[in-house]
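Here's the letter readout for the chains.
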Amino acid sequence: MKTTLRYDSANMLSHRVGRFGAAPEDLRGLRNRLARAKRAIVERSEAGEQGWLSCLDDAAMVKRIRDLVKKKAAYRTCLVIGIGGSDLAARALSKALKPGEKKLVFAGANTDPDELAGILSELDLRKTLINVISKSGDTVEPMATFLIVRDRLERRAGKRQAANQIIATTDRESGSLRELAEREGYDTLPVPKNIGGRFSALTDVGLFPLAYAGADMRGLLAGGRAQRDAFLRGKPEKNPTALYAALQYLAYLKRRRIHVLMPYAERLREFAFWYRQLWAESLGKKTDRRGNVVHVGPTPVAALGVTDQHSQLQLYVEGPNDKIITCIEVGTFDDDAALPDSVSDIPSLAYLKGKTLQDLIHAERKATVTALARNKRPNGTVHLPNITAETMGELIVFFELATAMMGELLNINAYHQPGVEEGKRLTKQYL
Ligand code: PA5
């Protein structure tokens, strides 16, 4: 499969946005570093230190997931319990792809009792498959939620039936969830040791719930491979992902440190939250790879076009020039709605005559990026032809690679999260 995603970077460049944009010499000066960054990513993958690129070829994983989907086909709903990297991808992709065979419901990403009560009040637990996902198997939020849900299910359906309805996605050997799964005889799916939560979208973590709901898992992987292979083939300065990372990095150096992702598609609303975690947790670090204290990291913001034009855009256009904005444009939506002829009766609405909602959303994005550029606000646009499993696979790997490239350029370890771990430890201590 060929890549279909395009990155339009014109408004990130100095000829459009002046000194806040990247000049040709800035990009030329980065060429060797981009090549080194790419080499480091390839080497980490080939050495097995990182597995998020090679998992895209994992035929055994696809079979394992398909077999389990068949084995557990009896339920109408799947309750996915996880947090952070263990649930954001499935949330984003299910919103984008709208798989309709089964319903996915999400819990465990908050310990708010009112929220859980609301979710459980709408579920018939006896007709619900439970997929609890935790790589460590010891994260308090999903584990606490799971223990409550399991207890209710056991009381309603009995211990043995409850065990049939639970799938634990976790480390192959360690953690409390693994221990529990083995003791109770749950079906399990593995989280590879060499893939961190936020890079696990296209592994058993993200793919099982999506495949269960009826999404095209092979399409997602094919799209992911297309992006990866394009990245591996060409020179980094010619590759959209590497260019995206380079421009974000240059903007960061020019003190544009708030990075906004603004998809123009309701179906990509949750995708911006997946990106936000990936960018923040990977790139926000205290020390560089040599151990120097550096405190680096852009601050990602999840926005939504067109909605946030009436909420955030005023700030983006006229507030402090400390941001870069990336829009995502979807070329063709699945549906459209024509404006009725009646609008021509009202002269002030005549401009809508003959137009559709797709015309409107495209015009609004174009207007936003032009207004931003005129006010010297660097911005770029990722174009997807449409929203399918393939294009979403491309989009996921585009941002994973961009994050990895940014990590190398910043010379930090993008794959750990010591700050989060400290919070996890302290919570246990306070309890
Ligand atoms: O990306 C990450 O590594 C984190 O966001 C984790 O996914 C999150 O903390 C949940 O961890 P676990 O899957 O171990 O429950």
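Everything below is about the structure printed above this text.
All residue numbers refer to position in the chain's written sequence, counted from 1. Selection of residues for local features in this predicted model requires a pLDDT of at least 70, selection of side-chain atom pairs for listing and counting requires 80 or more, and totals for whole chains, interfaces and linings are taken over all residues. Each side-chain value is worked out from all heavy atoms of the structure, with water and hydrogens disregarded.

> I tried to follow the site of the ligand on my own but got confused; where do I start?
Around the ligand sit 14 residues in total, of which Ser86, Ser134, Ser136, Thr139 and Gln277 are the nearest. What qualifies as a polar contact is a pair of N or O atoms within 3.5 Å, subject to a donor-acceptor requirement within protein and to the restriction that residues adjacent in sequence count only when both atoms come from side chains. At 3.3 Å, a side-chain N or O of Lys424 approaches an oxygen atom of the ligand. Comparing atom positions with the cavity grids shows the ligand to sit within the largest pocket. Across the shell around the ligand, the residue classes tally to 1 nonpolar, 9 polar and 4 charged. Summary of the distance rule: residues count as near a molecule or strand when at least one heavy atom falls within 4 Å of that molecule or strand. Here a cavity denotes grid points, spaced 1 Å and computed from the protein atoms alone, that fit a 1.4 Å probe unable to get out, and a pocket denotes an open set having protein on both sides within 12 Å along at least 5 of 7 lines; residues with an atom within 4 Å of a point are the lining. Should more than half of a molecule's atoms lie within 2 Å of a pocket's or cavity's grid points, that molecule is taken to sit in it. Just so you know the grouping, Ala, Val, Leu, Ile, Met, Phe, Trp, Tyr, Cys and Pro go in nonpolar, Asp, Glu, Lys and Arg go in charged, and all remaining residues, Gly too, go in polar.

> Honestly, the layout of surface pockets in this entry has me stumped. Any pointers?
Grid points are joined across faces, edges and corners, and a volume is the space filled by probe spheres set on the points. Reported here for the largest pocket is a volume of approximately 600 Å³. Lining of the largest pocket is provided by 27 residues; of these, Thr139, Gln417, Val420, Glu421 and Lys424 occupy positions nearest its centre. Each helix corresponds to a stretch of at least 4 residues labelled H or I by DSSP, and each strand to a stretch of at least 2 residues labelled E; elements are numbered beginning at the N terminus. Mapped onto the lining of the largest pocket, the elements with two or more residues apiece are strand S4 (128-134), helix H6 (140-157), helix H12 (269-283) and helix H16 (418-430). Among the residues forming the lining of the largest pocket, the class breakdown is 6 nonpolar, 13 polar and 8 charged. Residue ranges assigned to the domains are those given by an automatic or database domain assignment. Split by domain, the residues of the lining of the largest pocket number at least three in each of domain 1 (6-44 + 220-421) and domain 2 (54-215). Approximately 300 Å³ is the volume found for the second largest pocket. In terms of lining, the second largest pocket is formed by 17 residues, of which the most central are Ala265, Glu266, Phe333, Leu357 and Ile361. Ranked by residues supplied to the lining of the second largest pocket, first place goes to helix H14 (residues 357-374) with 4 residues.

> What exactly am I supposed to notice about empty space enclosed by the protein here?
Scanning the model with the defined rule gives 1 cavity of 30 Å³ or more in all. Put simply, the largest cavity is a space of about 40 Å³. Together, Met12, Phe20, Gly21, Ala22, Leu247, Leu250, Ala251, Lys254 and Pro378 line the largest cavity.

> Would you mind going over the environment of Arg6 with me for this structure?
On the secondary structure map, Arg6 appears in strand S1 (residues 6-8). Any two residues whose heavy atoms approach within 4.5 Å at even a single point are treated as in contact. When residues no more than four places from it in sequence are discounted, the contact partners of Arg6 are Thr381, Val382 and His383.

> Help me out: how do you make sense of the sheet that holds strand S6 (residues 187-190) in this one?
In any sheet, the strands associate via hydrogen bonds between backbone groups, in a parallel or an antiparallel arrangement. Across the sheet, 5 strands lie side by side as S3-S2-S4-S5-S6; this open sheet has parallel pairing. Unpaired on one side and paired on the other, strand S3 (103-107) and S6 mark the two borders of the sheet. Adjacent strand axes in the sheet meet at a mean angle of 20°, parallel and antiparallel pairs treated alike. At least two DSSP bridges between two strands are required for those strands to pair. Both strand S2 (residues 77-81) and S3 contribute to a ladder of 5 bridges, which runs parallel. For Cys78, the partnering residue across the bridge sits in S3 and is Leu104. Note on geometry: axes are lines fitted to C-alpha atoms, helical ones only across the stretch in contact, with angles between N-to-C directions running from 0 to 180 degrees. Across the sheet, helix H8 (residues 176-184) is in contact with S4, strand S5 (166-170) and S6; its angle to S5 comes to roughly 145°.

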